[in-house]
Amino acid sequence: MAKAAASAIARLAGARKVPLLLVLSGVEAVTRSARTIFSAAETLTAVAVLGVTPVDRVIANFRLGGMSEPCPTRYFSTEREALAWLKRKTKLA
């Protein structure tokens, strides 16, 4: 699933770098190989991780902790805040 998602993002981005709103919904775990694939993404300018449950926050903290990210990455609990942050980061890129 991670490879397919990374491929789809790369295909949609084409030669550009793009921001990504990553919505955690129904995610129970993120494997090490999935984290490695997402951490290697070169087409992203920024990633806003959106979650609303305590499990989402735990997964996001695990995802954001311990691995260097290829671009600015931050967790949000509201879509409005996440999109505003992505707009600011995109303007800076």
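Above this text you will find the structure in question.
Structure report, in brief. (Residues numbered from 1 in each chain as written. Predicted model: local features only at pLDDT ≥ 70, side-chain atom pairs only at ≥ 80, totals over all residues. Heavy atoms only, no water.)

1. A word on helix 1 (residues 2-13)
Logical step 1: For helix 1, which comprises 12 residues, the first-to-last C-alpha distance of 16 Å matches the rise-based estimate of 16 Å (1.5 Å per residue) to within 8%.
Logical step 2: Of all the positions in helix 1, only Ala2, Ile9 and Ala13 are classed as buried. All buried residues of helix 1 project into a common sector of 30° when viewed along the axis, lining one side. Turned more than 90 degrees from where helix 1 packs its buried face, Lys3, Ala4 and Arg11 sit exposed.
Logical step 3: Looking at the packing, one finds that the buried side of helix 1 touches strand 1 (18-23), helix 2 (32-39) and strand 2 (44-50). (Helix = DSSP H or I, 4+ residues; strand = E, 2+ residues; numbered from the N terminus. Expected span 1.5 Å × (residues − 1). Buried < 20%, exposed > 50% of the residue type's maximum accessible area, 1.4 Å probe, protein only. Arc of directions from axis to C-beta. Contact = heavy atoms within 4.5 Å.)

2. A closer look at the sheet that holds strand 2
Logical step 1: With respect to topology, three strands assemble into an open sheet ordered 1-2-3, the strand pairing being parallel. Strands at the two margins of the open sheet, each flanked by one partner only, are strand 1 and strand 3 (73-76). When strand polarity is set aside, the average angle formed by the axes of neighbouring strands in this sheet is 20°.
Logical step 2: Strand direction decides the pairing type here: strand 1 and strand 2, joined by six bridges, are parallel. Following the sheet pairing, leucine 20 is matched in strand 2 by valine 47. (Pairing = 2+ DSSP bridges. Axes fitted to C-alpha atoms, helices over the stretch in contact; angles between N-to-C directions.)

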